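# Structure assessment
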Amino acid sequence: MTTITLTRPDDWHLHLRDGEALAAVVPASARQMGRAIVMPNLVPPVTTAEQARGYRERILAARPQGSAFEPLMTLYLTDNTPAEEIERAVESGIVQAVKLYPAGATTNSDSGVTDLAHCDAAIAAMARLGLPLLVHGEVTDADIDIFDRESVFIERVMKPLRERHPDLKVVFEHITTSDAAEFVAQAPSNVAATITAHHLLFNRNHMLVGGIRPHYYCLPILKRERHREALLAAATSGSGKFFLGTDSAPHAQGDKETACGCAGAYTAPAAIELYATAFEQAGALDRLEGFASHHGPDFYGLPRNTDTITLVREEWTLPPSLPYAEGRRIVPLKAGETLAWRMLD
Ligand SMILES: NC(=O)N[C@@H](CC(=O)O)C(=O)O
Ligand SMILES: [Zn+2]
Ligand SMILES: [Zn+2]
């Protein structure tokens, strides 16, 4: 196969930041994606429908001329989110989901939830109104090994949450283990998962063998090979429960290449090409369109995009770095490396 044309994909998990960084990264996603679920972990976080409205306006203003890229907004759940804010979010028409960050689990999660019991009224309102909960599924207990944090989360948080709110729509975000893939596959149809391109392509050896590679450091952390294989099997299974969410998470070069580097991989500039590479490795390019362009809108109850993009089998090399905010640079994942597929403009 030398060309693939597919319904324009959407990104169901994306970090766009704010200010100059926002302006630097929006065009990369707007070029490829029809819509994106935009993460609310700004500083301070996006906790109200009113803040989401303002953030959405700033994203729209950062789009290249003529772009139809549509940001789908999310609220950041806190211990204090009132049920009324969930109602305002639904009424706003621009908020598509609420994000659960366990406090301290990842980048900018200090305002996150300390105990889901505090959020019971808000979550009950979400279940009642059909607003999905997007979950960063890792426990933060100091005694739990970083490689086990997702699987322990399933037992300690996800299963009790599902029992208490069986009608809640849940997206298990950026899954990284066979445990999570199995949990989602066996759950009812109101439970789904996003999978990143980097977790489909890489295991922890890519990050740690022959030198420590900070651009591969993200959360949840890359796992061992058998987990990558399970994720690739889930993504290419054809199941509507698994869909594209890049978790493209930009950080300036200096904040990654340092003694205590930030978590997050910047994949937006080559997102669809990275996914195509993974699907081709699995011999499943024919399943890419479902995963990238159909399953997400179907789960969210939104129409599929009506235009298309085309990928050609043509080598190209990612630049070593790109301009970012305040005169700083950003290093995309696979910087300086060659990809086999290229999206046409
Ligand atoms: N994935 C990451 O490693 N980082 C994300 C936060 C997140 O999605 O957990 C970020 O905002 O930088
Ligand atoms: Zn996360
Ligand atoms: Zn994320």
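Residues numbered from 1 in each chain as written. Chains lettered and ligands numbered in written order. Predicted model: local features only at pLDDT ≥ 70, side-chain atom pairs only at ≥ 80, totals over all residues. Heavy atoms only, no water.

- Named according to an unreviewed UniProt entry, the chain is Dihydroorotase originating from Billgrantia kenyensis.
- In its Catalytic activity (unreviewed entry) section, the UniProt entry covering the chain states "(S)-dihydroorotate + H2O = N-carbamoyl-L-aspartate + H(+)".
- Comment text from UniProt for the chain, heading Sequence similarities (unreviewed entry), reads "Belongs to the metallo-dependent hydrolases superfamily. DHOase family. Class II DHOase subfamily." (UniProt positions renumbered as here; feature names shortened; annotations may be inferred.)

### As for the UniProt feature "active site" (unreviewed entry) in the chain
- Taking the UniProt record as the reference, the feature "active site" (unreviewed entry) is found at D247.
- Along the polypeptide, D247 turns up in the loop between β9 (242–244) and α10 (253–256).
- A residue is classified by how much of its surface remains accessible, and D247, at 5% relative accessible area, is buried.
- Sequence-distant contacts of D247, defined by excluding residues within four places in its chain, comprise D11, H13, H15, H174, T196, H198, L219 and A265. (Helix = DSSP H or I, 4+ residues; strand = E, 2+ residues; numbered from the N terminus. Buried < 20%, exposed > 50% of the residue type's maximum accessible area, 1.4 Å probe, protein only. Contact = heavy atoms within 4.5 Å.)

### As for the packing of helix α6 (residues 178–186) against helix α9 (residues 225–235)
- It is the contact of α6 with α9, at a shortest axis distance of 8 Å, that shows an interaxial angle of 30°. By the angle between their directions, the pair α6 and α9 is classed as roughly parallel. Side by side, α6 and α9 meet where S178, D179 and A181 of the first sit next to R226, H227, A230 and A234 of the second. (Axes fitted to C-alpha atoms, helices over the stretch in contact; angles between N-to-C directions. Parallel < 35°, antiparallel > 145°, perpendicular 65-115°, else oblique.)

### Observations concerning the UniProt feature "modified residue: N6-carboxylysine" (unreviewed entry) in the chain
- Mapped onto the present numbering, the UniProt feature "modified residue: N6-carboxylysine" (unreviewed entry) falls at K99.
- The topology assignment puts K99 in strand β5 (residues 95–100).
- Taking the relative accessible area as the measure of exposure, K99 reaches 1% and is therefore buried.
- For K99, the contacting residues outside a window of four places in its chain are H13, M39, P40, L75, Y76, L77, L134, V135, H136 and E173.

### Structural notes on the coordination of the zinc ion (ligand 2)
- Taken together, H136 (ND1) and H174 (NE2) make up the full set of protein donors to the zinc ion (ligand 2), lying 2.0 to 2.1 Å away.
- Seen from the zinc ion (ligand 2), its four donor atoms lie at angles of 54 to 146°, and the figure they make is irregular.
- The two metals, the zinc ion (ligand 2) and the zinc ion (ligand 3), are separated by 3.7 Å. Remark: H174 occurs in the loop between β7 (170–172) and α6 and H136 occurs in the loop between β6 (133–135) and α5 (149–164); sequence separation between them is 38 residues.
- Since its relative accessible area comes to 1%, H136 is described here as buried.
- Given the relative accessible area of 2%, H174 is considered buried. (Donors = N, O, S within 2.8 Å, 3.2 Å for Na, K, Ca; no water. Tetrahedral: all angles 85-135°; square planar, octahedral: opposite > 155°, others 65-115°.)

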